[in-house]
Amino acid sequence: MAGSNLLVSVPPWLATMRGLERGRQFSDQAGLTSEWIKRISELYPETTTYLERRAQDATSELSGLAAAYCMATNGIRPPFDADDESRSFLDPNAWKAFGVEAGRPRSGDVLVVNGSGHRIALFESETADGSYVGLGSDRVRIVDRSSCEAIRRPVPSNAGSQPAADPVALLQMLQKLLADRRPSTPVPRLSRIDELLGGETMAGLKTPLAIVAYAGLSILQAVGIVGPLTGPHATATAQVLTAVIAGFGALGLAAKLDRLTNAVAASAAAIERRPPPTAPMAPILPPSQPPYPVPAPAPVARNALNLPRPELTELLTLNRTLGPRTSQSQDKALADLLSRLGSTESPNEATKQVSLSPKRSLNAWISTASPRVGETFRVSINIGDGKDAVASVGIFEPDWGQATSMTLAVFVSCPNCKVEPSGQELILPRTGDTERIHFAITTMIAGNHEFNVRVYLAKQMIPLQSLRFVVKVMGEFNPAAAAQS
C-alpha cells in the first residue's frame, strides 16, 4: 500500500485538509464554520438555504462540513439533496453514497466511521498493524478497519466515467518508454584486419601488444636466451620473432588508420543526409508600413577621447579595481585625466555636459601624530573634504538613481594591531560630507604599520574604494631614558 501511494500525487482535496490541519485552525470553530459555509454557498448556491437552516448543526457535524469544504474548493460537489437532508453532507450517512466505492483505500478517499462525533475523515496512510490514518475535523486520527462503515473515492468533475489508472501499470509503461529512448551502445566499426585478427576483442590492442612483445624480446636477448638479430652470431629465432612482432604491430597500425578513415567517411555521409536548415519566413509588409514604431536614436554622450558614456563608465570602474594609489602625483594626474574624460559633448545641444571627475574622497586621520606601542590611538574615516587628512583617495560616485543616501560598510585592518571595531556602517549622502567614524587601534610592535581601509556598498557588498597608509609607531615610553636626555 505504501509503495503504491508513492506513485500517485497528493489529491488537491487532501492537500487542502492537510493545510487546515497544519494551521491548527480547528480551535476557532465558530469563525471557521462561518467561513466554510460562506465558501460552499458561493461555489454551490443551491446549498445556501440548507446551510442557513442547519447553521446551528454545522458545529456538531463539523467533520462533514470540513470534508464538504475540501471537496467544494477543489471542484467536487459534496453529497447534497435539496429534498432529503439525510442525503446531504452534514449527515455522515450521506457520505456512504458519495463518489464511487473503493476497495482498498488510497490517498484522499473518504472514510465513514461508525459511532458518534467526528465520523468523516480523509485517508492519509496505513499503519504497520493495518489501521488507517485519517485527517478530519479532529485532526489526525487512527481508524480501526472494523469501525470503518464505508470507503468512498471522490470523482472529480472532469474525470467522467473513465476508470482510475493503475499506478503500477503507469510505472511499467514509463520504464518501457525510458528503455526505448535509452541510446544503445555504439558498435565500433571494424576494418578487415580487425575481423581477421581477433575481431572486436582485439580492436585497438594489436599495436600495444606488439610493443610489449618487442620489449620482452629485447630482454631475452639481453640475458642470452635469444641470440642477436644481426651480426656473425645472429640466430634464426631472433629474426623470426622480430619479423612476427613487427608484422603484428604494422597490421595494428594499419587497422587504426582504416577505422579512422571509415569514421570520417561515415560522418561525412551523415552530414550530407542532414536536411538543410529552413529559414523562418518573414512577414510580408508594405515598404511604407513598418511593423512597429521606430524611435529616433537617442544621442550618445561622448567625451574628449570620443568614448560613449558606457565605455567611459567601464573605464572608470576598471580604474577603481586597480586599487588605491599611494602617490599624490598619481592621484593628481588621474584627477586631471578624469576631468578631461568626464567632459561630455552631445549631438543634442539640450544635453548637459556631465563631469565624472571625483568630487569627494575617502579620507583617514589619526588622533596621535606619534603613537607608541601599547597605547590606544584613534583612526577616523570619512568621505568628503580631506583637509588635514593623513591619507586620501578620490571616490567615484555610485549610480544614485532616485536615492538620497546610501549605506556603506567600512572595514579597517592592520597586521600586528588590535582594531576595534573591525567594521562599521557609514551613511553616504548624495552630496556633502559624511560624519567621521572612529576605530580604536592598539599596536604591540614598534615600527611602520600599514593600514588598509576598504569601503563597500553595504547592500550588495560591492567594493567602492580602498585606501592604504602607513603609520610609524614608536617604542614604549621610558621615563628614565627621557630624564637622562
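The sections below set out a description of the structure shown in this document. Residue indices follow the written sequence of each chain, beginning from 1 at its first position. Totals for whole chains, interfaces and linings use all residues, but because this is a predicted model, local features are given only for residues with pLDDT of at least 70 and pairs of side-chain atoms are given and counted only at 80 or more. Side-chain descriptors were evaluated using all non-hydrogen atoms of the structure, hydrogens and water having been removed beforehand.

### Details of unusual backbone geometry
Geometrically, the link from Glu420 to Pro421 is a cis peptide bond, its omega value of -15° lying close to zero. Secondary structure counts use DSSP, requiring at least four H or I residues in a row for a helix and at least two E residues in a row for a strand, with both numbered from the N terminus. Locating Pro421 in the fold gives a position in the loop between β13 (417-420) and β14 (423-429). The phi torsion at Asn416 lies on the positive side, around 60°, for a residue other than glycine. Mapping Asn416 onto the fold places it in the loop between β12 (405-413) and β13. Here Met461, not a glycine, exhibits a phi torsion of approximately 55°, which is positive. Within the secondary structure layout, Met461 lies in the loop between β16 (447-457) and β17 (462-473). The cut-offs for exposure are 20% and 50% of the maximum accessible area for each residue type, with area from a 1.4 Å probe on protein chains only; residues under the lower value are buried, those over the upper are exposed, and the others partly exposed. Judged by its relative accessible area of 41%, Met461 is partly exposed.

### Observations regarding the sheet that holds strand β11 (residues 391-394)
In short, DSSP must find at least two bridges between two strands for them to pair. Strand order across the open sheet formed by five strands is β11-β9-β10-β15-β13, with antiparallel pairing between neighbours. Edge strands, defined here as strands with exactly one partner in the open sheet, are β11 and β13. Looking at each pair of strands side by side, their axes are set apart by 20° on average, direction ignored. Of the strand pairs in this sheet, strand β9 (residues 361-366) and β11 are connected by four bridges, and their pairing is antiparallel. Within the sheet, the bridge partner assigned to Asn363 lies in β11 and is Ser392. Orientation is described by lines fitted to C-alpha atoms, with helices fitted over the stretch in contact, and by angles between N-to-C directions that extend from 0 to 180 degrees.

### Looking at the packing of aromatic side chains
Only centres within 6.5 Å qualify two rings of Phe, Tyr or Trp (six-membered ring in Trp) as a pair; their planes then separate them into stacked at under 30 degrees, edge-to-face at over 60, and tilted for everything else. Counted under the stated rule, the structure contains eight aromatic pairs. On the basis of an interplanar angle of 25° and a centroid distance of 5.5 Å, the ring pair of Trp36 and Tyr69 is categorised as stacked. Within this pair, whereas Trp36 is found in helix α3 (residues 29-43), its partner Tyr69 is found in helix α6 (residues 62-72), the two being separated by 33 residues in sequence. By relative accessible area, Trp36 is classed as buried at 0%. Judged by relative accessible area, Tyr69 falls into the buried class, the value being 13%. Judged by centre distance (5.0 Å) and plane angle (65°), the rings of Trp95 and Phe98 are edge-to-face. Taking relative accessible area as the criterion, Trp95 reaches 0% and is therefore assigned buried. Given the relative accessible area of 6%, Phe98 is considered buried. Three or more aromatic residues link up through ring pairs in this structure, and these residues are Tyr50, Phe80 and Phe89. Positioned above the aromatic ring of Trp365 is the side chain of Arg436, whose terminal nitrogen or guanidinium carbon lies 3.5 Å from the ring centre. Charge over a ring is defined by NZ of Lys or CZ of Arg lying within 6 Å of the ring centre and within 35 degrees of the ring normal.

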